[in-house]
Amino acid sequence: MVETIITDVLVVGAGLAGERAAIEASSYGHDVIMLSLVPPRRSHSAAAQGGMQASFGNSAMGLGDNPDIHFADTVKGSDWGADQDRVRLFCDLAPVAARQMAHWGIPWNRVVAGKKKLPKDGSWIEDSKENEGLITARDFGGVAKWRCCYTSDGTGHTLLYTMDNVTVKLGIKMHDRIEAISLIHDNGTCYGVVARNLRNGEIRVYLARSTIIATGGAGRLYGMMSTNAVISEGMGQAICLDTGIVPLGNMEAVQFHPTGLAHVSILMTEGARGDGGYLLDKDMHRFMPEYEPKKAELASRDVVSRRMVEHMRKGLGIQESGDHFLWLDVRHLGKEHLETNLRDVTELARDFVGVDPVTELVPVRPTQHYTMGGIRTNIDGAADGLKGLYACGEAACWDMHGFNRLGGNSVAETVVAGMIVGRKVAEHLEGYEVSYPTHVIRDAVAKQEDRINRLVKCSDGKENCYEVSAVMSEILEKRVHIFRQGPDLEKAVSELQEVYARSLKIGLKSNGVGVDPELAQALKIPGLVRMALCVAYGALMRTESRGSHYREDYPSRDDKNWLKRTLAFWPQKADLPELKYGEIVITESQPGDRGYGESARKE
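Please read all numbers here as calculations on a predicted model, not as lab measurements. (Residues numbered from 1 in each chain as written. Predicted model: local features only at pLDDT ≥ 70, side-chain atom pairs only at ≥ 80, totals over all residues. Heavy atoms only, no water.)

## Regarding the overall build of the protein
Along the backbone of the protein there are 16 helices and 24 strands. Taken against the 2.2 N^0.38 rule, which gives 25 Å for 603 residues, the C-alpha radius of gyration of the protein at 23 Å falls within 12% of a compact globule. Structurally, the protein occupies a C-alpha span of about 70 × 55 × 50 Å along its principal axes. Surface accessibility of the protein: about 21800 Å² in total, with carbon and sulfur atoms responsible for 50%. Distance between charge centres in the protein, computed from 71 positive and 80 negative side chains, equals 0 Å. (Helix = DSSP H or I, 4+ residues; strand = E, 2+ residues; numbered from the N terminus. Rg over C-alpha atoms; globule rule 2.2 N^0.38 Å. Areas by Shrake-Rupley, 256 points an atom, 1.4 Å probe, with all protein chains shown as cover. Lys, Arg positive; Asp, Glu negative; His and termini not counted. Charge placed at Lys NZ, Arg CZ, Asp CG, Glu CD.)

Structure, rendered in structure tokens:
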């Protein structure tokens, strides 16, 4: 007998977006259950370092900032690939959300009055006595004003712990070590999920009047070459794609962060460059001002990452221990600053590569960091294709990031979108009743039980799930990276189709009983390869360059033919996604020059 649990709202994922949505829905009196692969305070949101964008204009370099400027920066950063109605809503609400988080207990860094010397150019700024004690901000890439609110470089950690305290206070039920392995749906309505208890391997059914997917990004499609936690595989997106009804939007839009720690791919926050850090090549030369005279290291992330790879291609990088990297220099910021405002950066460099940023250069290289694509939703966070299904955070293509996300906008999005989606779900539930069709639930459970039995018995073959996963990641890393070309993408698609065929023939070496990591991974692999094909095939078909999607054979942005969103569906028994295209919502800003000085690219 399969255990069945019924609730008003089911939130799959317990990071910042999921918890914020749960809090909002719960505040309207609805019963909420959250599912999480790990205890919530270990969610990947805790790894966010740099800050949360919100236009307060309190600091000396942020004076005059407002939502209009934030809007312009975000749309330009997206390379005009964002839905501008979402961007407007986001920018207007970000300061509200940040103040609310302060009310809940976030210890935002505050304005300290007086003169300060900027490490990057030696100029002086002065914070006013009038603004002392207000929420301050640091500089981040691609912005006209300093607006990134922060708590040293542990912003995600403090936000998540504070948010989790609120969920406990509200009595929101948390079911951790539970993994959703399929949606339950019929006739255009979502009824919940079939899940697997990772503690004992048992199947469990969760039924809900509304289901919110907030499982984070899919960075681990790229394997170890990602700053994402090992749990960030994109299973929320994968189970939606598996319905054949719910599309994934813009999966080819994959962001690479300029400063992943070489050798281990751990994030070195953009705040290090915002606070005055430089990039140096093997000759100890600061090269970014030559490529981007205005913004230098603080152009948008897609631009900086490309410039770094371009510079290394010229033979000016450092090759060591099988890795190719450049140097991040923060020594001039001083020991006190590094061990307070950049504590995580300092400790991670010391602990993982044996480098002390106080006295030594830090090896960094562009590393997969964020997936702009995800479950396509409307402005309310409702997923396309299934009534009662919602998504928010990195799992969603809401879509306010377009083809490149500005640093700090992701943390802000989790809180803002979570608040919006939780409220819209609460409104949707007013007077909304659901009758759960038992035959649909029974069939959904039987399908997953059959999948497990076939894996255990090796009914379909004996492919090794870990080997299949490694090959998938190697293909993406080699052929669908920062610079892309048609022939490479064609090979990637062809090779991933072969990998997909292998993923359908996986068998287990273990017995599949109880806590079995091999079975857990084997259940995921076909869905993950389908997502990888959405990335590669979407990139192949988009014959232009836009934001993080850069085609060397099509280096120009093509607004005439490609000012549109990719929508990927997965038909039954297919080995390729079906691609459709949707219009991008443009309300205020027409496509133009991004202003980052990209001389190699003509738009």
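Past the structure itself, the notes keep going.
## Digging into the pattern of salt bridges
It is possible for side chains of opposite charge to pair when their charged atoms get near one another. Scanning all chains against the criterion turns up 52 salt bridges. For Glu-24, the salt bridge identified is with Arg-20, shortest N-O distance 3.0 Å. In this pair, Glu-24 and Arg-20 are both assigned in helix α1 (residues 16-27), four residues apart and thus about one turn of the helix distant. Comparing Glu-24 with Arg-20 shows no difference in burial state: the two are buried. (Salt bridge = Lys/Arg side-chain N within 4 Å of Asp/Glu carboxyl O. Buried < 20%, exposed > 50% of the residue type's maximum accessible area, 1.4 Å probe, protein only.)

## Description of the confidence of the model for the protein
Looking at the protein, pLDDT values average 95 and 99% of them are 70 or higher. Within the model, pLDDT remains below 50 along residues 599-603, and this stretch shows 19 contacts once partners closer than five positions in the same chain are excluded. (pLDDT = per-residue confidence, 0-100. Contact = heavy atoms within 4.5 Å.)

## Focus: the state of the cysteines
Summed over all chains, the structure comprises zero disulfides. Not engaged in a disulfide, the cysteine Cys-91 finds its nearest cysteine sulfur in Cys-149; these two sulfurs lie 13 Å apart. Of all cysteine sulfurs in the structure, the one in Cys-240 sits closest to Cys-190, which takes part in no disulfide; the separation is 7.6 Å. (Disulfide = S-S within 2.5 Å.)

## Here's the deal with the packing of aromatic side chains
Counting across every chain of the model gives seven aromatic pairs. For the pair Tyr-222 and Phe-256, a centre-to-centre distance of 5.7 Å together with 90° between the ring planes defines the contact as edge-to-face. Here Phe-256 lies in strand β12 (residues 254-261) and Tyr-222 lies in the loop between β10 (203-213) and α5 (235-241), a separation of 34 residues in the sequence. Phe-256 matches Tyr-222 in its accessibility class, with the two residues each being buried. (Phe/Tyr/Trp six-rings, centres within 6.5 Å; stacked < 30°, edge-to-face > 60°.)

## A word on unusual backbone geometry
Backbone geometry at Ser-265 places phi at a positive 65°, although glycine is not the residue there. Relative to the helices and strands, Ser-265 is located in the loop between β12 and β13 (266-267). The phi torsion at Lys-573 lies on the positive side, around 60°, for a residue other than glycine.

## A few points about the packing of helix α2 (residues 67-77) against helix α3 (residues 84-104)
Contact geometry of α2 with α3 gives a least axis separation of 9 Å together with a crossing angle of 140°. Judged by the angle between their axes, α2 and α3 are oblique. For the crossing formed where α2 meets α3, the hand is right-handed. For the pair formed by α2 and α3, the contact residues are Pro-67, Asp-68, His-70, Phe-71, Thr-74 and Val-75 on the first element and Gln-84, Val-87, Arg-88, Phe-90, Cys-91 and Asp-92 on the second. (Axes fitted to C-alpha atoms, helices over the stretch in contact; angles between N-to-C directions. Parallel < 35°, antiparallel > 145°, perpendicular 65-115°, else oblique. Left-handed = near helix turned anticlockwise from the far one by under 90°.)

## Things to note about α3
Given 3.6 residues per turn, any residue in an α-helix points the same way as the ones three and four places further on. The terminal C-alpha atoms of α3, which comprises 21 residues, lie 30 Å apart, in line with the 30 Å expected from a rise of 1.5 Å per residue. Its maximal kink placed at Leu-93, α3 deviates by approximately 40°, while the proline Pro-95 follows within four residues. Residues of α3 that are buried: Gln-84, Arg-86, Val-87, Arg-88, Phe-90, Cys-91, Leu-93, Ala-94, Pro-95, Ala-97, Ala-98 and Met-101. Check the buried side of α3 and you find it contacts β3 (52-53), α2, α4 (155-170), β18 (374-376) and α11 (409-429). The first or second residue beyond α3 is Gly-105, which carries a positive phi of 130°. (Expected span 1.5 Å × (residues − 1). Bend = angle between axes of the 7 residues up to and from the residue.)

## Quick notes on the environment of Glu-24
Residue class for Glu-24 comes out buried when judged on its relative accessible area of 8%. Separated by 398 residues in the primary sequence, Glu-24 and Gly-422 have C-alpha atoms spaced 4.8 Å apart. Look past the residues within four positions of Glu-24 in its chain and what remains in contact with it is Gly-418, Met-419, Gly-422 and Arg-423. Looking at Glu-24, its side chain comes within polar contact range of the side chain of Arg-20, at 3.0 Å. (Polar contact = N/O pair within 3.5 Å; in protein donor to acceptor, adjacent residues only side chain to side chain.)

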